[in-house]
Structure formats: structure tokens, C-alpha cells
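Here is what each chain is made of, one letter per residue.
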Amino acid sequence: MRSFDYLQPSTLGEATAHLRSGTEIRLLAGGMTLLPTIKQRLAAPDALVDLAGVPALTGIEDEGCSLLVGAMARHAAVAASPLVRSRIPALADLAAGIGDPAVRNRGTIGGSLANNDPAADYPAAVLGLGATIVTSEREIAADDFFLGLFETALGAEEIITAIRFPVPRAAAYVKFKAPASRYALVGVFVAQTAEGVRVAVTGAGPAVFRVPAMEEALAADFTPSAVAAIGIDADDLNSDIHAEAGYRAHLVTVMAKRAVAAAAKGF
Ligand SMILES: Cc1cc2nc3c(=O)[nH]c(=O)nc-3n(C[C@H](O)[C@H](O)[C@H](O)COP(=O)(O)OP(=O)(O)OC[C@H]3O[C@@H](n4cnc5c(N)ncnc54)[C@H](O)[C@@H]3O)c2cc1C
């Protein structure tokens, strides 16, 4: 492996200064994606800036109508948080279903969102709940954050510091897992929020997306049968060794029905 510097800031200001000190400098969260990427020589940073020693990036706070989850919150911490469990149980369930125990104890919500893997789970919750991504520079609405395959609105020197999740009236996430990795072949997050119903799909396309036809139908009738006849066009969906686009399109409707049924139990 090519050598690189390992930097350990203790404040967000130090982390930002490190990031601005060169072009090939990468943030390190849990390393679950970044370290294999370096090992495979797909990335060759001059330095890694480890965010693990920045206390301001951890923690989960109750803001009343919303929860503020620190970017360095590990998946296991979100899954085990009594606060998340009581206010947004669908988010705790989602975190508990990511990968395996090793991944959940190292992986972070900030790393997952910055990476924006097309099959990652958290993007579905962030888009489905209409969350806000708080960064070192600004606040970005979920609708403006996920731009495409592994692409986000983050600038090169921008650090995700936290995610603000509005507490929904009811929500649920259901995914059809790839058996080996537990990544979503298709995952659907459904939420009834103060702003209306939101439906977000991960795993099916190049990046997470909403399904307006389902949202309109559920606004009128929040039952599984309301989405049962709503299909997704397979043309823009992913085909790979795990599933063809047509199968993924079928799964979107099936997972949406199950998510609505699970969310409706929350009323
Ligand atoms: C075997 C395996 C199974 C997995 N299964 C699932 C699954 O079922 N569902 C799922 O959703 N995910 C899954 N993952 C992904 C995992 O959940 C991690 O969240 C993801 O790999 C990102 O890892 P990380 O948080 O350690 O970030 P890192 O790997 O450290 O970083 C990832 C990228 O994000 C950048 N970054 C990190 N933190 C920040 C920040 N605060 N601000 C800006 N940029 C930042 C880094 O520079 C890097 O480019 C799996 C991973 C593995 C290895």
C-alpha cells in the first residue's frame, strides 16, 4: 500500500484546515468503504483526516420536532439509541439492518451519506423523512443532496457534521436484501410527515429517488392497496448480477406495500 499521513484533529476547525492543506486529502470516518478503496488502489490519498477524535461530530440530540444525529454516529449507536427508538423507530430499525455487526460498529451515518452508494440504506431515510444535511459550511435539504451514482452536493472541502431528521407521524423502512452483503436490492422508506407523505427508494436506481405517484396516492389513502397498482418504469433502473431492472421495478411496489403496512401500525 502506498504510504500516507494519518492526521487526528480534535476540532472541526482543525479537520477543515487539514482538508484545505492539499488536494489529495480524504476524510476518514469508519473506513468501511474508504480503506478497501485504498487497498484496491482506487484511491491514493496523501493524508487521511480521522474524524473519530472530534467530539462535536458524535451524539444524538432531541430538538423537539426533530432529532439531530452526529455525522460520526455509528450505525450500532443509532440502532441502540433509546431516543431514536422512541422518536423515529423506523430509523433505529434501518440502522439495525445495515450490513453485519462489524460494519455497524465501524460505519457511520456521515460516511454512508457522503459515499452515496446506490444500495445504501440511510439515503432512503434521509430523503424519505425530508431530513437536512448539516455541513461545516451550510445546510442542505435532502431533495438537493443526492445528485447521482456516488455523487452528492458536497464540496471538496465540506464536512458533514450532522443530520436533522424531522420526527414523522409514522414511518417504516422495508428492504429486500442481497443475502451476502445485506445491501438493499431494493429498499423503500415511507413516511407521513407534517409536510405530507414521502416515499424514497434505494437500491433500484443510480441513486435514491422519490415516487411522486405513490406519495399522491398515499396522501389520499394511507393503505397498502393505494400503491398496489402503481408500477415503476424499469428503463432507468439498475441491472446487475443480483437482479435485473424489471425485477427491481417489481420489488419497488412490493416493498412499498409492506412499508405502508408497517408504518400504518404506528398510528
Ligand atoms: C461488508 C459490508 C456490508 C455493508 N452493508 C451495508 C448495508 O447493508 N447497508 C448500507 O447502507 N451500507 C452498508 N455498508 C456500508 C457501511 O454502512 C458504511 O457506512 C459505508 O461503507 C461508509 O463507511 P464509513 O462510514 O466507515 O465511511 P468511510 O469509509 O470512512 O468514508 C466513506 C467516504 O465518505 C467520506 N466521509 C466520511 N465521513 C464524512 C463526513 N463527515 N463528511 C464528508 N465526507 C465524509 C470519506 O472521505 C469517504 O470518501 C456495508 C459495508 C461493508 C464493508
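Numbering of residues starts from 1 in each chain and follows the order in which that chain's sequence is written. Per-residue local features are limited, in this predicted model, to residues with pLDDT of at least 70; the limit for side-chain atom pairs, both in listing and counting, is 80 or more; totals at the level of whole chains, interfaces and linings are taken over all residues. For the side-chain quantities, the full set of heavy atoms in the structure was used; hydrogens and water were omitted.

1. Quick notes on the environment of Ile140
Where we set the bar: A helix here means a DSSP run of H or I that spans at least four residues, while a strand means a run of E at least two residues long, and both kinds are numbered starting from the N terminus. Residues count as neighbours in contact if any of their non-hydrogen atoms are within 4.5 Å of one another.
When you line up the elements, Ile140 lands in strand E7 (residues 139-141). Separated by 13 residues in the primary sequence, Ile140 and Ala153 have C-alpha atoms spaced 8.1 Å apart. Setting aside its immediate chain neighbours within four residues, Ile140 contacts Ala131, Thr132, Ile133, Thr135, Phe145, Ala153 and Glu158.

2. Re the site of the ligand
Stated formally: One heavy atom suffices: a residue is near a molecule or strand as soon as one of its heavy atoms comes within 4 Å of it. Residues adjacent in sequence count toward polar contacts only when both atoms are side-chain atoms; beyond that, a polar contact is any pair of N or O atoms within 3.5 Å, and within protein one must be able to donate a hydrogen and the other to accept it. What sets the accessible areas is the Shrake-Rupley method with a 1.4 Å probe; for residues, cover comes only from the shown protein chains.
Around the ligand sit 29 residues, and of these Leu27, Gly31, Thr33, Thr108 and Asp121 come closest. In this structure, Asp121 approaches the ligand through a side-chain N or O atom, which is 2.7 Å from a nitrogen atom. At 2.8 Å from an oxygen atom of the ligand is found a main-chain nitrogen or oxygen belonging to Arg182. The protein chains hide 89% of the 980 Å² of surface that the ligand would expose on its own.

3. Remarks on the environment of Leu237
Rules: Type-normalised accessible area, obtained with a 1.4 Å probe on protein chains alone, sets the label of each residue: buried when under 20%, exposed when over 50%, and partly exposed for intermediate values.
Mapping Leu237 onto the fold places it in the loop between helix H11 (224-227) and helix H12 (245-264). Judged by relative accessible area, which is 12%, Leu237 ranks as buried. Once the C-alpha coordinates of Leu237 and Ala204 are considered, the two residues, 33 residues apart in sequence, prove to be 5.5 Å apart. Residues contacting Leu237, with those up to four places away along its chain left out, are Ala204, Gly205, Phe209, Ile232, Ala245, Arg248 and Ala249.

4. Concerning the pattern of salt bridges
Worth spelling out the cut-off: Salt bridges are defined as contacts in which a side-chain nitrogen from Lys or Arg sits within 4 Å of a carboxyl oxygen from Asp or Glu.
Tallying each qualifying case throughout the model produces twelve salt bridges. A salt bridge links Glu137 to Arg20, with the nearest nitrogen and oxygen atoms 3.9 Å apart. With Glu137 in the loop between strand E6 (132-135) and E7 and Arg20 in the loop between helix H1 (12-19) and strand E2 (25-28), this residue pair connects regions lying 117 residues apart in the sequence. Asp121 is the salt-bridge partner of Lys175, the closest N and O atoms lying 2.9 Å from each other. Here Lys175, found in strand E11 (residues 170-177), pairs with Asp121, found in the loop between helix H7 (109-115) and helix H8 (122-128); they are 54 residues apart in sequence, far enough to count as distant. One network of salt bridges, with partners in common, ties together Asp143, Arg198, Arg210 and Glu215.

By themselves, these observations are geometric and do not establish any function.
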